[in-house]
Amino acid sequence: MAGYSVDEIDDIRIAVSEVLLALIEHGAGRLIEVEFAIEDDAFVVRAHTPIESFDTEHPDLALCRTVLAGVCTSHGIDLIDDEAHIWAAVAHTDHP
């Protein structure tokens, strides 16, 4: 995280919180696998959990998308092979 601005770190904190909160609230109470990476000058969080049903258009997830759109350069919420997948990327810009 060296070199990230305070605002970027705050955006990362918000993105990670939103991703995990959405999976906790809409998940089936099962294990959530989380991955953090630095890719193409962006901090990326990916998380997924097994789920019986997952409404990707649920109003709570619409709010999650709105928050993520405000702090991330890209994000996604998907149902893939009976797992809920949510990811978010926060771009890093070089600061003088």
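Keep in mind that what you see is a predicted model, and the values were worked out from it rather than measured.

Conventions and cut-offs
- Residues numbered from 1 in each chain as written.
- Predicted model: local features only at pLDDT ≥ 70, side-chain atom pairs only at ≥ 80, totals over all residues.
- Heavy atoms only, no water.
- Helix = DSSP H or I, 4+ residues; strand = E, 2+ residues; numbered from the N terminus.
- Contact = heavy atoms within 4.5 Å.
- Buried < 20%, exposed > 50% of the residue type's maximum accessible area, 1.4 Å probe, protein only.
- Salt bridge = Lys/Arg side-chain N within 4 Å of Asp/Glu carboxyl O.
- Pairing = 2+ DSSP bridges.
- Axes fitted to C-alpha atoms, helices over the stretch in contact; angles between N-to-C directions.

Moving on to the environment of A42. Within the secondary structure, A42 is located in strand 2 (residues 42–50). Taking the C-alpha atoms as reference points, A42 and H75, separated by 33 residues in sequence, lie 12 Å from one another. Residues within four places of A42 in sequence aside, it is in contact with Y4, A37, A89, V90, A91 and H92.

When you line up the elements, V34 lands in strand 1 (residues 33–39). The class for V34 is partly exposed, based on a relative accessible area of 35%. A C-alpha to C-alpha distance of 9.7 Å links V34 and I86, two positions 52 residues apart in sequence. With residues up to four places along the chain from it excluded, the contact list for V34 reads L20, V45, R46 and A47.

As a further point, take the pattern of salt bridges. Counting across every chain of the model gives 3 salt bridges. Where D10 meets R13, a salt bridge forms, and the shortest distance between an N and an O atom there is 2.8 Å. Of the two residues, D10 and R13 both sit in helix 1 (residues 6–26), 3 residues apart, roughly one turn of that helix. Given the relative accessible area of 49%, R13 is considered partly exposed.

Turning our eyes to something else, we now look at the sheet that holds strand 1. On the basis of which strands lie adjacent, the open sheet formed by 4 strands has the order 1-2-4-3 and antiparallel pairing. Either end of the sheet is taken by a strand with one partner, and the two such strands are strand 1 and strand 3 (74–80). Each adjacent strand pair in this sheet contributes to an overall mean axis angle of 10°, direction not counted. With 7 bridges connecting them, strand 1 and strand 2 associate as antiparallel partners. Bridge pairing in strand 2 places A37 opposite V44. Along the sheet, helix 1 contacts strand 1, strand 2 and strand 4 (83–91); its crossing angle with strand 4, the most-contacted strand, is approximately 175°. Across the face of the sheet, helix 2 (residues 59–71) comes into contact with strand 3 and strand 4 while running at roughly 150° to strand 3.

The next point concerns the environment of A28. Topologically, A28 is positioned in the loop between helix 1 and strand 1. For A28, a relative accessible area of 31% puts it in the partly exposed group. Each C-alpha atom of the pair A28 and I51 lies 5.4 Å from the other, and the pair is 23 residues apart in sequence.

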